[in-house]
Amino acid sequence: MILIECRNMNKSYQNGQIETPVLKDINLVVNDNDFLGITGPSGSGKTTLLYVLSGLEKPSDGEVILLNQNVAQYNNQQMSNIRKNQIGFIFQFYNLIPNLTVRENVMLALVIAKGKDDSRVDQLLTMVGMADYQNRYPNELSGGMQQRVAIARSLVNDPKIIFADEPTGNLDTINGNEIMNLLHRLHDEHKKTIVLVTHSDDYIKYCSRFIKLVDGKIVKDEVLSF
Ligand SMILES: Nc1ncnc2c1ncn2[C@@H]1O[C@H](COP(=O)(O)OP(=O)(O)OP(=O)(O)O)[C@@H](O)[C@H]1O
Ligand SMILES: [Mg+2]
């Protein structure tokens, strides 16, 4: 089943009179249970592509069909509903709210998604190995621990697709591998579709497929077999 499809998609940013083309003629299909890696040098457009694929940014031209919805035709409210209910995000710098505890951070995401069953918060914190730290604040945790909380948060609405923008970018190798193993489990055991931006070639091995961007164009698209 196709979850995301880009057809002849272009994305430029407009700053005053200046238009900066960032993504150029992207054609891409993401299928159910893909683990898609997006690689490429700094500035090649990886984050921009993630934002367009996830409906955080609209394409300038061409089509993006996300979960059977044409992103370009959706208004902000409709897009926000898709993001709240069907998509999870994981960022490089975790983006936890500093004055909320671990549990409250995950709980807040549940409330925003209008979930009522807070036993789900406990299940998720257990799954990421953070149940014992649920009353701690983010600044009392290591980077790897904060990222595990962010992963629990991304799962509260039981999303079909998880988008992760260099989730290991700020971590050492041990913690980075731990986060990658967790993503691997989400893909393998929980059958999530994952779209991962990564600088590190070491993490390509976790992907079922990867693309490489250079100057906003896809220069490589490879399926990997395990
Ligand atoms: N909001 C914006 N307005 C204008 N230009 C932008 C904006 N966001 C990104 N760009 C430009 O688009 C290009 C691609 O940026 P993007 O952040 O997608 O690259 P990236 O591959 O994720 O880089 P990195 O590996 O450093 O995170 C860059 O030239 C950047 O300056
Ligand atoms: Mg980026």
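Each remark here, short or long, concerns the structure printed above.
What you are looking at is a predicted structure, and each value in this text was computed from that prediction instead of being measured.

Mind showing me how you'd approach the layout of surface pockets here?
It is the rolling of a water-molecule-sized probe over the atoms that shows where space remains empty. Of the volumes computed, that of the largest pocket is approximately 430 Å³. Around the largest pocket, the lining comprises 18 residues; the ones closest to its centre are Arg83, Phe89, Ala109, Ile112 and Arg153. Elements with a contribution of two residues or more to the lining of the largest pocket: helix H2 (76-86), strand E6 (87-90), helix H3 (102-112) and helix H5 (143-154). When grouped by side-chain class, the residues that make up the lining of the largest pocket number nine nonpolar, six polar and three charged.

So what exactly am I meant to see when it comes to the packing of aromatic side chains here?
Remark: the centre distance and the inter-plane angle together describe each pair of aromatic rings, the angle taken between the planes. Per the counting criterion, the structure on display carries three aromatic pairs. Judged by centre distance (5.8 Å) and plane angle (25°), the ring pair of phenylalanine 89 and phenylalanine 163 falls under stacked. With phenylalanine 89 in strand E6 and phenylalanine 163 in strand E7 (residues 161-165), the pair connects residues that are 74 residues apart, well separated along the chain. A connected cluster of aromatic rings, assembled from ring pairs, spans Phe89, Phe91 and Phe163.

What is the right way to look at the nonpolar core in this model?
Buried together is how nonpolar side chains tend to be arranged in soluble globular proteins. Counting residues in hydrophobic clusters, the biggest one holds 35 residues, and the most contacted among them are Phe35, Ile151, Leu183, Leu186 and Leu196. Where this core is concerned, the elements lending two or more residues are H3, helix H4 (119-127), H5, E7, helix H6 (173-188) and strand E8 (193-197). The contact partners of leucine 186, leaving out residues within four places of it in the chain, are Met127, Ile151, Leu155, Ile162, Lys191, Lys192 and Ile194.

Which parts of the structure should I look at to understand the site of ligand 1?
By nearness alone, 13 residues border ligand 1, and Ser42, Gly43, Lys46, Thr47 and Thr48 come closest of all. One nitrogen or oxygen atom from the main chain of serine 44 is found 3.3 Å from an oxygen atom belonging to ligand 1. At 3.1 Å, a backbone N or O of glycine 45 approaches an oxygen atom of ligand 1. For the shell around ligand 1, the secondary-structure elements that each account for two or more residues are strand E1 (2-15) and helix H1 (46-53). Looking at which element gives the most residues to the shell around ligand 1, the answer is H1, with three residues. Of the residues belonging to the shell around ligand 1, the class tally is three nonpolar, eight polar and two charged.

What is the right way to look at the state of the cysteines in this model?
Defined simply, a disulfide is a covalent bond joining two cysteines at their sulfur atoms. Counting across every chain of the model gives zero disulfides. The cysteine cysteine 6 is free of any disulfide, with cysteine 207 supplying the nearest cysteine sulfur at 17 Å. Since its relative accessible area comes to 2%, cysteine 6 is described here as buried. What makes cysteine 207 buried here is its relative accessible area of 0%.

How should I be thinking about a nonpolar patch on the surface in this particular structure?
On the surface, a nonpolar cluster with roughly 220 Å² of combined accessible area is contributed by Ile97, Leu108 and Ile112. Examined against the element boundaries, isoleucine 97 turns out to sit in the loop between E6 and H3. Exposure remark for isoleucine 97: the relative accessible area of 33% places this residue in the partly exposed category.

Help me understand the pattern of salt bridges in this model?
Here the idea is simple: oppositely charged side chains can pair when their charged atoms come close. One pass over the structure, following the stated rule, counts ten salt bridges. Arginine 209 is paired through a salt bridge with aspartate 34; the nearest N and O atoms lie 3.4 Å apart. Within this pair, whereas arginine 209 is found in strand E9 (residues 209-214), its partner aspartate 34 is found in the loop between strand E2 (18-31) and strand E3 (35-39), the two being separated by 175 residues in sequence. We classify arginine 209 as buried; its relative accessible area is 10%.

Help me out: how do you make sense of the sheet that holds E2 in this one?
Ordered in space as E2-E1-E4-E5, the four strands form an open sheet in which the pairing is antiparallel. Each edge of the open sheet is held by one strand with a lone partner, namely E2 and strand E5 (69-70). Strand direction decides the pairing type here: E1 and E2, joined by ten bridges, are antiparallel. Within E2, the position partnered with isoleucine 4 by the bridge is valine 30.

Rules of the game
In every chain, residue numbers begin from 1 and rise along the written sequence. Chain labels run from A onward and ligand labels from 1 onward, assigned in the order the entries are written. Local features in this predicted model are restricted to residues of pLDDT 70 or higher, and side-chain atom pairs are both shown and tallied only at a pLDDT of 80 or more, whereas totals for entire chains, interfaces and linings draw on every residue. Water and hydrogen atoms were dropped before computing side-chain values, which therefore reflect all heavy atoms in the structure. As defined here, a cavity is a set of points on a 1 Å grid over the protein atoms alone where a 1.4 Å probe fits but cannot get out. A pocket is an open set with protein on both sides within 12 Å along at least five of seven lines, and residues line them when an atom is within 4 Å of a point. Grid points are joined across faces, edges and corners, and a volume is the space filled by probe spheres set on the points. Here a strand is any run of E in DSSP of at least two residues, a helix any run of H or I of at least four, and the numbering for each starts at the N terminus. Residues are grouped as follows: nonpolar covers Ala, Val, Leu, Ile, Met, Phe, Trp, Tyr, Cys and Pro; charged covers Asp, Glu, Lys and Arg; every other residue, Gly included, is treated as polar. Stacked, edge-to-face and tilted are the three classes for Phe, Tyr and Trp ring pairs, Trp counted by its six-membered ring, which pair at centre distances within 6.5 Å; planes under 30 degrees apart are stacked, over 60 edge-to-face, the rest tilted. Side-chain atoms within 4.5 Å link the members of a nonpolar core, which is a set of buried Ala, Val, Leu, Ile, Met, Phe, Trp, Tyr and Cys residues. The buried label goes to any residue with under 20% of its type's maximum accessible area, the exposed label to any with over 50%, and the partly exposed label to all in between, with areas taken from a 1.4 Å probe on protein chains only. Residues are treated as being in contact if the distance between any of their heavy atoms lies within 4.5 Å. A molecule or strand has a residue near it when one of that residue's heavy atoms lies within 4 Å. Definition of a polar contact: a pair of N or O atoms within 3.5 Å, with one able to donate and the other able to accept a hydrogen when the atoms are protein atoms, and with sequence-neighbouring residues admitted only if both atoms are side-chain atoms. Disulfide assignment relies on a single distance test, namely cysteine sulfur atoms paired within 2.5 Å. Surface patches are drawn from residues lacking salt bridges whose relative accessible area is over 30%; two like charges belong together within 9 Å, two nonpolar side chains (Val, Leu, Ile, Met, Phe, Trp, Tyr) within 5 Å. Note on areas: Shrake-Rupley with a 1.4 Å probe; residue coverage comes only from the protein chains shown. Each reported salt bridge corresponds to a side-chain nitrogen of Lys or Arg within 4 Å of a carboxyl oxygen of Asp or Glu. At least two DSSP bridges between two strands are required for those strands to pair.

So, to be careful, I would describe these as geometric facts and stop short of saying anything about function.
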